[in-house]
Amino acid sequence: MNRFQEMSVFLAVAEARSFAAAARRLAMSAPAVTRSVSALERRLGALLLVRTTRSLRLTEAGERYAQDCRRILEDVDQADDAAAGAMAAPRGSLHITAPSLFGELHVMPAVLGYLREHREVSVRALLVDRVVNLLDEGVDVAVRIGALPDSSLTAIAVGHVRRVVCASPAFLQRFGKPDTPDALAQFCTITAAMEGRGPQWRFLQDGQPRRLPMASQLTVTSFQGAIKAACEDWGLTQVVSYQVARHLASGALQVVLRDYELPPIPVHVVYPEGRKSSAKVRSFVDFCVDALRRDLAALPG
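Everything quoted here is computed from the prediction, not taken from an experiment.

Chemist: Help me out: how do you make sense of the domain arrangement of the chain in this one?
Modeler: Interfaces are often sized by the amount of accessible area the parts lose when they come together. The assigned domain composition of the chain is domain 1 (3-84), domain 2 (92-157 + 265-298) and domain 3 (163-260). Computed from C-alpha atoms alone, the centre-to-centre distance between domain 2 and domain 3 is 29 Å. Contact residues are listed per partner, giving eight residues for domain 2 and five residues for domain 3. The tally of links from domain 2 across to domain 3 stands at zero salt bridges. If you look at where domain 2 meets domain 3, you find zero residue pairs in polar contact (both at pLDDT 80 or more). Residue composition of the side of domain 2 that touches domain 3, grouped by class: five nonpolar, one polar and two charged.

Chemist: Quick question: what am I supposed to make of the environment of Ala-193 here?
Modeler: You can see Ala-193 is positioned in the loop between strand S8 (189-192) and strand S9 (200-205). Judged by relative accessible area, Ala-193 falls into the buried class, the value being 14%. Taking the C-alpha atoms as reference, Ala-193 lies 6.1 Å from Val-220; in sequence the two are 27 residues apart. Those residues in contact with Ala-193, other than ones at most four positions away along the chain, are Thr-219, Val-220 and Thr-221.

Chemist: Help me understand the pairing of S8, please; the structure alone is not making it clear to me.
Modeler: Consecutive residues of a regular strand have side chains that alternate between opposite faces of the sheet. The side-chain alternation of S8 yields two buried faces, one formed by Thr-189 and Thr-191 and the other by Ile-190 and Ala-192. Bridging between S8 and strand S12 (residues 236-240) involves two bridges; their strand directions are parallel. When the bridges of S12 are listed, Ile-190 appears paired with Thr-237. By the bridge criterion, three bridges tie S8 to strand S11 (residues 218-220) in an arrangement that is parallel. Note on S11: the bridge partner recorded for Ile-190 is Leu-218.

Chemist: Sorry if this is basic, but what is going on with unusual backbone geometry here?
Modeler: Peptide bonds are trans in most cases, and residues, glycine excluded, mostly fall at negative phi. The phi angle at Ala-27 is positive, at roughly 60°, despite the residue not being glycine. Tracing the chain through its elements places Ala-27 in the loop between helix H2 (19-26) and helix H3 (30-44). Residue classification places Ala-27 among the exposed residues on the basis of a relative accessible area of 73%.

Chemist: Which parts of the structure should I look at to understand the environment of Thr-59?
Modeler: Mapped onto the secondary structure, Thr-59 falls in the loop between strand S2 (56-58) and helix H4 (60-84). Judged by relative accessible area, which is 12%, Thr-59 ranks as buried. Residues in contact with Thr-59, not counting those within four places in the same chain, are Leu-47, Leu-48, Leu-49 and Val-50. At 3.0 Å, the side chain of Thr-59 forms a polar contact with the backbone nitrogen of Gly-62.

Chemist: Mind showing me how you'd approach the pairing of strand S4 (residues 121-127) here?
Modeler: Pairing of strand S3 (residues 92-98) with S4, which is carried by seven bridges, proceeds in the parallel orientation. When the sheet's bridge partners are listed, Leu-94 is paired in S4 with Val-123. Following the backbone out of S3, through helix H5 (residues 100-117) and into the adjacent parallel S4, one traces a crossover that is right-handed.

Chemist: Explanation requested: the nonpolar core in the structure shown.
Modeler: Generally speaking, nonpolar side chains in soluble globular proteins are found buried as a group. The biggest cluster of nonpolar side chains holds 28 residues, and the ones touching the most others in it are Phe-102, Val-141, Val-143, Val-161, Val-269 and Phe-284. Within the residue set of this core, elements represented by two or more residues are S3, H5, strand S5 (141-145), strand S6 (153-161), strand S14 (265-272) and helix H9 (279-297). The dominant element in this core, judged by the number of residues it contributes, is H9, at seven residues. The residues touching Val-161, leaving out its near neighbours within four places in the chain, are Ile-145, Val-240, Ser-241, Tyr-242, Pro-264, Ile-265, Val-267, Leu-296 and Leu-299.

Chemist: What is the right way to look at the side chain of Arg-162 in this model?
Modeler: Among the structural elements, Arg-162 can be located in the loop between S6 and strand S7 (163-167). A polar contact is formed between the side chain of Arg-162 and the side chain of Glu-261, at a distance of 3.0 Å.

Chemist: How do you make sense of helix H7 (residues 223-231) when you look at a structure like this?
Modeler: Helical geometry note: an α-helix holds 3.6 residues per turn, so side chains three or four residues apart project in the same direction. By the burial criterion, the buried members of H7 are Phe-223, Ala-226, Ile-227, Ala-229 and Ala-230. End-on view of H7: buried residues confined to an arc of 160°, all on one side of the axis. Residues of H7 that are buried make contact with S8, S11, S12 and helix H8 (245-250). Positive phi appears at Asp-233, one or two residues downstream of H7, with a value of about 70°.

Criteria and thresholds
- Residues numbered from 1 in each chain as written.
- Predicted model: local features only at pLDDT ≥ 70, side-chain atom pairs only at ≥ 80, totals over all residues.
- Heavy atoms only, no water.
- Domains from an automatic or database assignment.
- Contact = heavy atoms within 4.5 Å.
- Salt bridge = Lys/Arg side-chain N within 4 Å of Asp/Glu carboxyl O.
- Polar contact = N/O pair within 3.5 Å; in protein donor to acceptor, adjacent residues only side chain to side chain.
- Nonpolar A, V, L, I, M, F, W, Y, C, P; charged D, E, K, R; others polar.
- Helix = DSSP H or I, 4+ residues; strand = E, 2+ residues; numbered from the N terminus.
- Buried < 20%, exposed > 50% of the residue type's maximum accessible area, 1.4 Å probe, protein only.
- Pairing = 2+ DSSP bridges.
- Right-handed = clockwise from strand over helix to strand, strands pointing away.
- Core = buried A, V, L, I, M, F, W, Y, C linked by side-chain atoms within 4.5 Å.
- Arc of directions from axis to C-beta.

Written out as structure tokens, the structure is:
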């Protein structure tokens, strides 16, 4: 078995966390997969996997080697696609990432539409609320919300979203509307405080960005939880516009404090420089950009 084959087998085991699952994916026998990984560890002189009767995990060396294997094998695929020419049909495995809720609401419909047209492409979607390092984690395409740092990534703008304060019509009818951010202290509020983000709401006041600490009676670690509480007339919450688009469209929620909103937040599709030479990346980026531009242009407000 050559080195590329060894890498492919090891990466399949690392991703599946199972010899049997990797064997099924590779159409190999489980003993053959086990022998391949053992031979690789002997050749490298390093333990890559810790095996027990109930689980399998990567060692620190195994984690690093899996990242390197993923990058090398992706580069090989990219070289094959480039050599095949611009007219090559999309094929192979495509790794994408997006924020979890935005990914569920907007990116996954685009993925499903793309896969219906490209049956020889498989997609691994990583929907997480953290900034994924595309090169380290072998990701081909990412959807990013927010300002982008300078990097070697190529970025295509697809639209904007807004940070909004909203509540149910019944709540606003009963308690009234705040006329300034400082007036929020007089109202019931619901804060979605995610990991690494304090209980603060953000506004633009007197031309300057302002972070307003919130002592909310209800604080949750889920935007969906905050939105549900707001829909049940509990209080005001601050979320991103795409998260409440259907609630705004149906009238279940209403936006307040529009005059104090920060500038719109940009949304981009990004990919490592040079990756678009791959037919699968090129075709998916084009498809995803068109789909997200339509979606974001149709958001309420």
